[in-house]
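Structural characterization, general
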Amino acid sequence: MVTTTASKVEIDWTRCDGHGLCATLLPNDVVLDEWGFPVLNGREITAGELPHARRAVLACPALALRLDRPVERDA
Amino acid sequence: MILQDARVQLRVIGEPRLLAGLDQGRADRQRHLFTHGAQPDLNREAYTQLAEAVGLRGRGGAAFPVALKLADLPAKGIEAVVVNGSESEPVSRKDRLLLTLAPHLVLDGATGLARALGAPHVLIAVHDAAAATSIREAIMERDDGLAIEVTDTPGRFVAGEARAVLSALEGGKAVPPGRRALPTRKGYHRRPTFLSNVETFAQLAVLARLGPKGYSSTGLISEPGTQLLTVDGAVERPGVVETPTGVPLEAVLQFSGAARGPVLLGGYHGKWLPETDGVYLQRPEVSAGIILALGTETCPLGEVHRVSQWLASQSAGQCGPCVFGLASLVDDFDRLVKGDPAGWHDAQRHLGLVPGRGACAHPDGSARFLASALEVFGEDVRLHLDGGGCGRPVLGVLPVPGGSW
């Protein structure tokens, strides 16, 4: 059985202070609401985008942005 | 000592189970044993089978199947059984009533399960002073050979959330943590924990005695047994009612002498019902069992606006979308009540921005309550936006706790 891994970005809302860097770094996945907090579109991050997403996670000044644990799924 | 809260009336439709033997007030150990008999010693497998056979669901609001919760616990190393008696829904009275009047039934359920699971600790989170006194007194009356601890938790709405309760029991702040972890895996001190609502444990104690067949002699086939409901608002006889599961809402309303008019089911995270005919009270819709009748004398949107203020005040203040979103919705409803169409439009947008964006379900539940109000009170919305308002005063039929919370 072939399995692929897919991950999504997620936010620890207790940490997020709405700095907004994630929306600039991941414009395809995150937009900001009227209060400056991220709105996720829930898209899966492809393997090719993963390094970039990891960099965005490291850039979050509140350590609120995360990649969720990859879900093993049948291809 | 009289511990009974004089304001809370108990009533029963059908056969009393949880409320059996309470007509003279609190059941001490002797009266409890006289009414219910001794708690049978069951093992973990027996509890799982019982819970599965009758489809028992948690009675705290989320209505999670107890059998699944038991199955998710590891085979060994279960740290604690936690009784969540924080009952932070402002209208709900059933849990403090059980803790106050039938403490031994709750303790039987919790200690029986703790022994079956091999959990050394039983932790009881209580907010109400009379309930805490009664349960402490009950613990003195028995010898369970377990470490039973009663802890007072803060009464704020969000403090009643399962993981907030665990955090408070560990000595931390009573707020939900940012990471979603199941108590069955990482609960009390990050160890496997069985946590459920007070009524769930009382139901388990009754179930252990009656067995699946006896327990299923009343209520729905899909989820037999009884349930505790708290009825309040525009009713002649507010209080806690025990009924078989699946009874018609109309029966409970008539029984409580409710005025005609809209009904809120499931508390301030629940939904307004467009129609009370043909509604049967079962989980998950009935949630923690709160039924609020609004009547026809008061302004529905004004009432909802008052509750929205309270909901916004109950945010733990951790998550931006909850803090800003609920505050914006309070303002939107204020403008809507005053006849400003922009208030309605902003509310629609903000209701989409709040759910799913917090550490706990407070934003989701609050948005569900407010969205259902706009839907069910569409005619009132029109009257208010036409400029004249609905012509009714805001009477405060929906109870909102004062500053002490």
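Residues numbered from 1 in each chain as written. Chains lettered and ligands numbered in written order. Predicted model: local features only at pLDDT ≥ 70, side-chain atom pairs only at ≥ 80, totals over all residues. Heavy atoms only, no water.

An unreviewed UniProt entry lists chain B under the name NADH:ubiquinone oxidoreductase subunit F (NADH-binding), with Kribbella antiqua as the source organism. Of chain B, the UniProt comment under Sequence similarities (unreviewed entry) reads exactly: "Belongs to the complex I 51 kDa subunit family." (UniProt positions renumbered as here; feature names shortened; annotations may be inferred.)

By the naming in an unreviewed UniProt entry, chain A is Ferredoxin, taken from Kribbella antiqua.

1. Side note on the pairing of strand S2 (residues 80-85) of chain B
Residues and elements named next belong to chain B. The element S2 is largely enclosed, with a buried count of six among its six residues. Residue alternation in S2 divides its side chains into two sets, Ala80, Val82 and Asn84 and Val81, Val83 and Gly85, and both sets are buried. Judged from the six bridges that link them, S2 and strand S3 (residues 121-126) form a sheet pairing that is parallel. By the bridge assignment, Gly85 is partnered in S3 with Val126. Pairing between S2 and strand S5 (residues 193-197): five bridges, direction parallel. When the bridges of S5 are listed, Val83 appears paired with Ser196. (Buried < 20%, exposed > 50% of the residue type's maximum accessible area, 1.4 Å probe, protein only. Helix = DSSP H or I, 4+ residues; strand = E, 2+ residues; numbered from the N terminus. Pairing = 2+ DSSP bridges.)

2. As for the pairing of strand S6 (residues 226-233) of chain B
Regular strands show a simple pattern: their side chains alternate between the two faces of the sheet. All names here are of chain B. With six of eight residues buried, S6 lies mostly within the body of the structure. Where S6 lies against strand S7 (residues 239-244), six bridges are found, and the strand directions are antiparallel. Note on S7: the bridge partner recorded for Thr230 is Val240. The turn joining S6 and S7, which pair antiparallel and follow one another in sequence, is formed by five residues.

3. Some details on the domain arrangement of chain B
Note: interface size is frequently given as the accessible area lost on complex formation between the parts. All names here are of chain B. Taken domain by domain, chain B comprises domain 1 (15-215), domain 2 (226-293) and domain 3 (300-385). The centre of domain 1, based on its C-alpha atoms, is set 24 Å off from the matching centre of domain 2. Contacts between the two partners involve 22 residues from domain 1 and, on the opposite side, 17 residues from domain 2. Taken together, both faces of the contact between domain 1 and domain 2 bury some 1,700 Å²; the carbon and sulfur share is 65%. (Domains from an automatic or database assignment. Contact = heavy atoms within 4.5 Å. Buried area = accessible area lost by both parts, 1.4 Å probe.)

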